[in-house]
Every structure is written in C-alpha cells, then in structure tokens.
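One-letter residues, chain by chain:
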Amino acid sequence: MNISTYIRGLVQKASGKADDNSDYADILDKINEINATTQIPEKPDLGDGITYDRIEYDAPSDEEIEKRAQDSLKEYEQAGVSSIENEIAALLEKYTSDKNVNTAAYESTLKSLNDAYQSAIEAANNDALKRGLARSSIALNTTAAINSEKADKAAAAAAEYNRQDADLTSKINGLEVERQKAMDEFNISYTAKLTEEINKLKEQREELKNEAIKYNNTLAEKEENERIEREKAESDLYSEALSQAKAERDLTDNPGVAEQDSRYQQIYTLLRDKLLTMSAQEAQNEVRNNSIYRAYLSDAYFYKLYDEFAR
C-alpha cells in the first residue's frame, strides 16, 4: 500500500470522514509530493562571459587602391607634365626669337648692302664725270660690276637667311613630336611608379587583413579558454553545492533543518489555504480535531495555525 494512501486513511478516520475521500485527497497528494521532492541545488550560471571587440578591417577594393595610388602620384604626374610643357614652351620661345633675330639680321644685311653699293656706284659715277667718262663703256662696266657683286652678296645673304629660317621652322614644327616623345617616356615612368605603388598598397592590404584575422583569432581563442574555465568553475561550484546538500541531508530520507523547515512552510501554506475556504467554525473544528494538522506540521507551524483559526 502506498504510504500516502495509508496516512490519508488514518487521517480520514481520525477526522470522522472515512467515507469522504475528496476533502483532503488533493492536499495529501501535494504534501506527499513536497515530502518526496529532493531539493537539488540549481546549477550555477556564471553568465556568458566577456565578448571582446573584434577588429573590423574594411579592406579597400582594387579600384579603391588604384584611385589611392593615382592620388598619391598626382603631384608627381603634374610636375612631370608641367616640366615637359615648360621645356617645349621655352624651346618654342627660343626658336621663335631666333627666327626674328635671323629676319632682322637679314633685313639689316640687305640694307647695309644697298647702302654700301649705292655709295660705291655714286663714287664710281663721280669719278667717271671727273674724268669725262660718264657715259663711256668703262663707267657702265664699273656700275655693272658693282651691281653684280651686290647681287651675289645679296643672294648669299638670302641663302643663309633661308637656311637658318628653314632650320628654325623645322625645329618649331618638330616640337610637337618632341613633346609627344617626352610625354610617352614620362608615361612609361609614371606607369611603372603607379604599378609599384598599387602593388605596395595591395601588400599593405593583405598584411592588415592578416593582422586583423590573427588578432580576432587570438580573441576567439581567449574567449574559448575563458568559456572552458567558466564551465569548469560552474561545475566545481555545482559539485560543491551538491556535496554541501548531501552533507546537510541524506537527500529525501534525512532532510536537513533548512530543507525540513522549507517543507513545513509549504505544507503550512497548503493547509492554511484549505482553512481559508471554510467558515470560522469549520476551520476551528478542523484544526482542533483533524490530526492531519498535527501529523504534517511542526509544533511551531501547527500553533501558528491554531492561533489564527482555533482560539
């Protein structure tokens, strides 16, 4: 026979209610559950522990790296292009100036020739007049010789002028080719520097990415070690609590003082709630005559009910 059923029968007989199993059936079942419950300590929970902040490395894309490299070489590029343009502009200015000087020199030479040979012709004519040979063949031949010599020197001066002018014109016309050649050479140098800078930035990106991964892995390892230590600490604390509970009571058969008092408190609450459902006279009669109140309560809790309901 179940012990609770046996006790229930005794109580019913003592209270004169052996034929009515409903009044205290639920109460006795609950009391039996309370007395049969082993008070096992709750397992300690030390929380989730610390989660360390990770490094969030926002790695630049290849396009961003190329733009960054271009920006870093902007001054170099501008300085290189400016140097070429300034050099070409200086040469254009020089060659243009040389052309002007050449033209001025040629014009001056022609004027000098004209002046010199005009004077020579006048001198020869004056001499022929003095000698009475103004219209003679001698005078005409002399004038012709002077004009021929003047023409030869003028032709020589024109040839030199044309040679120098053609040379300077060729140099001016060749400046664009020279500029493009210099730009092509500079672009090769610039492209090499740009490639070098891009590769350097990509290497830095990989280094920073690897450093972030390494650092975050270190934090993850640290968190895992701390989690293991925390679980070990929880396990140790739980084992200690179980040992203390076992030392305080032999689980259900020999409960400790604190646990027994806890059980009395729960049973007291059940029985008091039961009494509160009755009239004052009924409650007084139950406390005085029903042995369940003495059977399951300590003296302290019994007299607490007695003072409240039976006096």
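The following paragraphs examine the structure supplied in this document. What you see as residue numbers is a count from 1 along each chain, following the sequence as written. Reporting in this predicted model follows two pLDDT cut-offs: at least 70 for local features of residues, and 80 or more for side-chain atom pairs to be given and counted; totals over whole chains, interfaces and linings ignore these cut-offs and use all residues. As a rule here, side-chain values cover all heavy atoms of the structure and leave hydrogens and water aside.

### Some details on helix α10 (residues 299–309)
- Working definition: with a 1.4 Å probe on protein chains only, accessible area under 20% of the residue-type maximum means buried, over 50% means exposed, and in between means partly exposed. A run of H or I in DSSP counts as a helix once it spans at least four residues, and a run of E counts as a strand once it spans at least two, with each numbered from the N terminus. All of the buried residues in α10 are Y301, F302, L305 and F309. For α10, the buried positions fall inside an angular range of 105° around the axis, keeping them on one side.
- Where the residues of α10 are buried, they touch α7 (257–276), α8 (280–289) and α9 (292–295). Summarising the geometry, the arc corresponds to the directions from the helix axis toward the C-beta atoms. A contact between two residues is defined here by any heavy atoms of the two lying within 4.5 Å.

### A word on the pattern of salt bridges
- Here, a salt bridge means any Lys or Arg side-chain nitrogen found within 4 Å of an Asp or Glu carboxyl oxygen. This structure, assessed with the given rule, holds 21 salt bridges.
- Taking the shortest distance from any N to any O, the salt bridge between R54 and E223 comes out at 2.5 Å. Linking R54 in the loop between α2 (25–36) and α3 (62–72) with E223 in helix α6 (residues 175–248), this pair joins segments that are 169 residues apart in sequence.
- On the basis of relative accessible area, R54 is assigned to the partly exposed category, the value being 31%.
- Residues participating in the shared-partner salt-bridge network are D62, R205, E206 and K209.

### What to know about the packing of α8 against α10
- Where α8 contacts α10, the axes come no closer than 9 Å and their chain directions differ by 150°. Taken together, the axes of α8 and α10 are roughly antiparallel relative to one another. Once α8 is placed against α10, the crossing between them reads as left-handed. Residues A280, A283, Q284, V287 and R288 of α8 form the contact with α10, whose participating residues are F302, Y306 and F309.
- Note that Gly is not counted as nonpolar here; it falls among the polar residues with everything else outside the nonpolar set of Ala, Val, Leu, Ile, Met, Phe, Trp, Tyr, Cys and Pro and the charged set of Asp, Glu, Lys and Arg. Residue classes in the contact of α8 with α10 are distributed as 6 nonpolar, 1 polar and 1 charged. Helix axes are fitted only over the stretch in contact, all axes being lines through C-alpha atoms; the angle between N-to-C directions runs from 0 to 180 degrees. To sort the angles, those under 35 degrees are grouped as roughly parallel, those over 145 as roughly antiparallel, those from 65 to 115 as roughly perpendicular, and the leftovers as oblique. Crossing handedness follows the turn of the near helix against the far one: under a right angle anticlockwise gives a left-handed crossing, and clockwise gives a right-handed one.

### Structural notes on the nonpolar core
- Counting residues in hydrophobic clusters, the biggest one holds 22 residues, and the most contacted among them are L275, Y293, L297 and L305.
- Broken down by secondary-structure element, the contributors of at least two residues to this core are α2, α7, α8, α9 and α10.
- Among residues more than four places away in sequence, those in contact with Y293 are Y24, L271, K274, L275, M278, E286, V287, F302 and L305.
- Core analysis: the next-biggest nonpolar cluster, separate from the first, contains 15 residues, I84, I88, Y95 and L194 among them. Buried Ala, Val, Leu, Ile, Met, Phe, Trp, Tyr and Cys residues form a nonpolar core when they are joined through side-chain atoms within 4.5 Å.

### What to know about the packing of aromatic side chains
- Ring geometry is summarised as follows: Phe, Tyr and Trp rings, the Trp one being its six-membered ring, pair when their centres sit within 6.5 Å, and such pairs are stacked at plane angles under 30 degrees, edge-to-face over 60 and tilted between the two. Summed over all chains, the structure comprises 9 aromatic pairs.
- Here the aromatic rings of Y264 and Y301 are separated by 6.4 Å at their centres, their planes lie at 45°, and the arrangement is tilted. Pair noted here: Y264 is in helix α7 and Y301 is in helix α10, with a separation of 37 residues, a long-range link.
- Taken together, a centroid distance of 6.3 Å and an interplanar angle of 70° make the contact between Y303 and Y306 edge-to-face. Separated by 3 residues within a single helix, Y303 and Y306 lie in helix α10, roughly one turn from each other.
- Overall, the relative accessible area of 22% leaves Y306 in the partly exposed class.
- An aromatic cluster of at least three residues, connected via ring pairs, comprises Y76, F186 and Y190.
- Here, over-ring charges are defined by two tests on the NZ atom of lysine or the CZ atom of arginine: distance to the ring centre within 6 Å, and angle to the ring normal within 35 degrees. The residue whose ring lies beneath K193 is Y76, and the NZ or CZ to ring-centre distance is 5.2 Å.

Shape descriptors only; they carry no functional weight alone.
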